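These are the residues of each chain, in order.
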Amino acid sequence: AGFDAHVAKPPDLDELRRECRAQIDRAIYWGFDVTHLSSHLDALVLRPEFFDVALELAVDHALPMRLPDDAEQAAGFPFRRLASEEGIVLPDHVIPVPKNATHATIDRILRDLRPGVTELVLRPASDTPELRSITAHWHEDVTHLGLLTDDDGLMSLLDRAGVERIGYRALRDAQRRPA
């Protein structure tokens, strides 16, 4: 109870904390401009004990967090509210772009944007033998790459919708600004 059935023993949260901190520290040491915290497939978000570790690191490093805005019910706790209460900046909305999206799909998403900071989530990948060997859905990621690299498509749609493009660096800088 409290951990996945396929895990032989409960996770060692101190080890998780050390590993995550070491990854951040190593990235900073190597000269990366760390702009936010995120975990693959939201692995550090959907379990309260893991989220506590991620939140602690975000507070310690004054970094925004990438948190989905549609998974709190499934997770069973209000992770977005908890992060906000600790002063962590996060996008107001996180919208996964459908796997077989077209420019028309993106146009519909943009027309329905709500006020605030919105992250559009795409999973671009190049069509390679390696990609084809690891997922049967490789063409969906290649489609996302096409949307991002099309000369006019996505950028002109964003411009036409009046979207101001920012990155997590702007959110990080806002978080670190004195209140």
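About the criteria used
- Residues numbered from 1 in each chain as written.
- Predicted model: local features only at pLDDT ≥ 70, side-chain atom pairs only at ≥ 80, totals over all residues.
- Heavy atoms only, no water.
- Pairing = 2+ DSSP bridges.
- Helix = DSSP H or I, 4+ residues; strand = E, 2+ residues; numbered from the N terminus.
- Right-handed = clockwise from strand over helix to strand, strands pointing away.
- Buried < 20%, exposed > 50% of the residue type's maximum accessible area, 1.4 Å probe, protein only.
- 1 Å grid on protein atoms, 1.4 Å probe; cavity = no way out; pocket = protein on both sides within 12 Å on 5 of 7 lines; lining within 4 Å.
- Points joined across faces, edges and corners; volume = space filled by probe spheres on them.
- Nonpolar A, V, L, I, M, F, W, Y, C, P; charged D, E, K, R; others polar.
- Phe/Tyr/Trp six-rings, centres within 6.5 Å; stacked < 30°, edge-to-face > 60°.

Draft legend 1. Representation of the pairing of strand S1 (residues 93-96) within the structure. The pairing of S1 with strand S2 (residues 118-121) spans four bridges and is classified as parallel. Following the sheet pairing, Val94 is matched in S2 by Glu119. For the crossover from S1 across helix H5 (residues 103-111) to S2, the handedness is right-handed.

Draft legend 2. Layout of unusual backbone geometry. Of note, Asp42 is a non-glycine position whose phi angle comes to about 60°, a positive value. Assessed through its relative accessible area of 16%, Asp42 is described here as buried. Notably, Ala62 is not glycine yet its phi reads approximately 50°, a positive angle. With respect to the helices and strands, the residue Ala62 is situated in the loop between helix H2 (48-61) and helix H3 (72-75).

Draft legend 3. Inspection of the layout of surface pockets at higher detail. The computed volume of the largest pocket comes to approximately 600 Å³. Around the largest pocket, the lining comprises 24 residues; the ones closest to its centre are Thr118, Val163, Glu164, Arg165 and Ile166. Of the residues belonging to the lining of the largest pocket, the class tally is 16 nonpolar, four polar and four charged. Volume-wise, the second largest pocket comes out at about 520 Å³. Leu41, Arg66, Pro96, Val121 and Arg123 are the residues nearest the centre of the second largest pocket, which is lined by 21 residues in total. Where the lining of the second largest pocket is concerned, the elements lending two or more residues are S1 and helix H7 (138-149). When residues of the lining of the second largest pocket are assigned to their parent elements, the largest contribution, three residues, is made by H7. Considering only residue class, the lining of the second largest pocket consists of ten nonpolar, four polar and seven charged.

Draft legend 4. Inspection of the packing of aromatic side chains at higher detail. Under the criterion given, the structure shown has three aromatic pairs. Measuring from centroid to centroid gives 6.1 Å for Phe51 and Phe79, while their planes differ by 50°, and the two rings are tilted. Within this pair, whereas Phe51 is found in helix H2, its partner Phe79 is found in helix H4 (residues 79-85), the two being separated by 28 residues in sequence. Both residues of the pair, Phe51 and Phe79, count as buried. The exposure class of Phe79 is buried, given its relative accessible area of 0%. Ring pairing ties together the aromatic residues Phe51, Phe77 and Phe79, which thus form one cluster.

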